[in-house]
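An overview of the molecular structure
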Amino acid sequence: MAILCSSSSPSMFAAQRASPSPAFSTKGIFPTKFPGISFVVTKPIAAVSNSRSFQVRCQKDLSVVPFDQRWMFEESEADGPDIWNKTWYPKAADHVNTDKPWYIVDANEKILGRLASTIAIYIRGKNLATYTPSVDMGAFVIVVNAEKVAVSGKKRTQKLYRRHSGRPGGMKVETFNQLQQRIPERIIEHAVRGMLPKGRLGRALFNHLKVYKGPEHPHQAQKPVDLPIRDKRIQKQT
Amino acid sequence: MNKAKVFKLAKGFRGRAKNCIRIARERVEKALQYSYRDRRNKKRDMRSLWIQRINAGTRIHSVNYGNFMHGLMKENIQLNRKVLSELSMHEPLSFKALVDISRNAFPGNKNVVHAPRKVSIPVDV
């Protein structure tokens, strides 16, 4: 098995250098000096990236240093930056907000915690091979029908949401039912916020979650895709 | 060390720590201790990052990190995690080939004992 792979991988490498595979599309601007391999982002659905991305390429091939500038670079860097011995860190062009995918999920009859967990994974970017903890690489997620989210057991009457105004005696407690009557979006927001990192980046990530009460949402222009859910127990069992 | 060296190392510090020698000396000592400790921590953090990236890359192909590495070990593929994470980002087709090799070598644990399903709790909508 191993021998079979090693003989085919040079041809695979060569094929990739020659032309990018049509199934994947290149994204974003290339101000960086990457060698001839174009940067591809693997996503669950490749068709969407084809329709949405536009290719911006530099005029010249920046991967090879021109002859008159070779004296500035060390011998090992003459063919471009070393991507195999240095761990990749995203440049600004790799996480532009306008190029990020948008996902939509219907909260109707989905278990609250399992739904929030899946959403948080996509917002943080942990489903991507290019995950970086210090950079916002995640996607945007729209949740519709937020008032129809389900919980198991007696949580509807027994789960308490607490908040404190900061003054003595200022603790306010409400049940799941009461909060759902008052502000149903806040239930899903509270659940997802607890699953995102706490800090400056976490607060910025939270803004990528959009929760709406009914089946309508104002983000048709972003062409959201259905959120792929792999949890088998997320659907409420009747 | 003398004050000039301390102030040179204290560049970019907050408030009086970059300007006043008594405070700067303390902060610089602490900074040097942190950098000593973190030169060792950096190796751990990088490996953890590679593992997270490999995990994400293999889960796209429905294999988790543990089973993937087990399959690679069985096939005696000695690629390290740094290279595997770079492959998963920059060479997705080659990485998929590796995942297929691993899946053939170790299809998954057939003897997994799942937790017994709870008696279905009534769910209100």
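So, how was this worked out
- Residues numbered from 1 in each chain as written.
- Chains lettered and ligands numbered in written order.
- Predicted model: local features only at pLDDT ≥ 70, side-chain atom pairs only at ≥ 80, totals over all residues.
- Heavy atoms only, no water.
- Helix = DSSP H or I, 4+ residues; strand = E, 2+ residues; numbered from the N terminus.
- Buried < 20%, exposed > 50% of the residue type's maximum accessible area, 1.4 Å probe, protein only.
- Contact = heavy atoms within 4.5 Å.
- Areas by Shrake-Rupley, 256 points an atom, 1.4 Å probe, with all protein chains shown as cover.
- Pairing = 2+ DSSP bridges.
- Core = buried A, V, L, I, M, F, W, Y, C linked by side-chain atoms within 4.5 Å.
- pLDDT = per-residue confidence, 0-100.

**A short note on the overall build of chain A**
- Looking only at helices and strands, one finds 7 helices and 7 strands in chain A.
- Taken from N to C terminus, the helices and strands of chain A fall in the order α-α-β-α-β-β-α-β-β-α-α-α-β-β.
- By residue count, 39% of the 238 residues in chain A fall in the buried class.
- Across chain A, contacts joining residues at least 24 apart in sequence account for 71% of those joining residues at least 6 apart.
- As presented, chain A carries roughly 14,100 Å² of accessible surface, and 55% of it is formed by carbon and sulfur atoms.

**A short note on the pairing of strand E1 (residues 102-106) of chain A**
Residues and elements named next belong to chain A.
- Among the 5 residues of E1, 4 are classified as buried, and the element is accordingly described as predominantly covered.
- As defined by bridge partners, E1 adjoins strand E7 (residues 225-226) across 2 bridges and the pair is classed as parallel. By the bridge assignment, Tyr 103 is partnered in E7 with Val 225.

**Some points on the nonpolar core**
- Among the nonpolar cores identified, the biggest contains 31 residues, and Leu 112, Ile 119, Val 143 and Ile 188 of chain A are the most heavily contacted of them.
- Elements supplying a minimum of two residues to this core: E1, helix H3 (112-124), strand E2 (140-144), helix H5 (176-182), helix H6 (185-195), helix H7 (200-206) and strand E6 (209-211) of chain A.
- Here the element with the most residues in this core is H3 of chain A; it accounts for 7 residues.
- Setting aside chain neighbours within four positions, we find Val 143 of chain A in contact with Val 105, Ala 107, Ile 119, Ile 188, Leu 209, Lys 210, Val 211 and Tyr 212 of chain A.
- Residues Tyr 65, Ile 77, Leu 84 and Ile 101 of chain B belong to the second largest nonpolar core, which totals 13 residues.

**Some words on the confidence of the model for chain B**
All names here are of chain B.
- Per-residue confidence for chain B gives a mean pLDDT of 91; residues scoring 70 or more make up 93%.
- Highest mean pLDDT in chain B belongs to helix H2 (residues 21-59) (96); lowest belongs to strand E1 (residues 123-124) (60).
- In the model output, the complex is listed with pTM 0.77 alongside ipTM 0.87.

**What to know about unusual backbone geometry**
- At Glu 109 of chain A, a residue that is not glycine, the phi angle is positive and equals roughly 60 degrees.
- Counting through the fold element by element, Glu 109 of chain A comes out in the loop between E1 and H3.
- What makes Glu 109 of chain A partly exposed here is its relative accessible area of 28%.
- Positive phi, close to 60 degrees, is recorded for Ser 62 of chain B, a residue that is not glycine.

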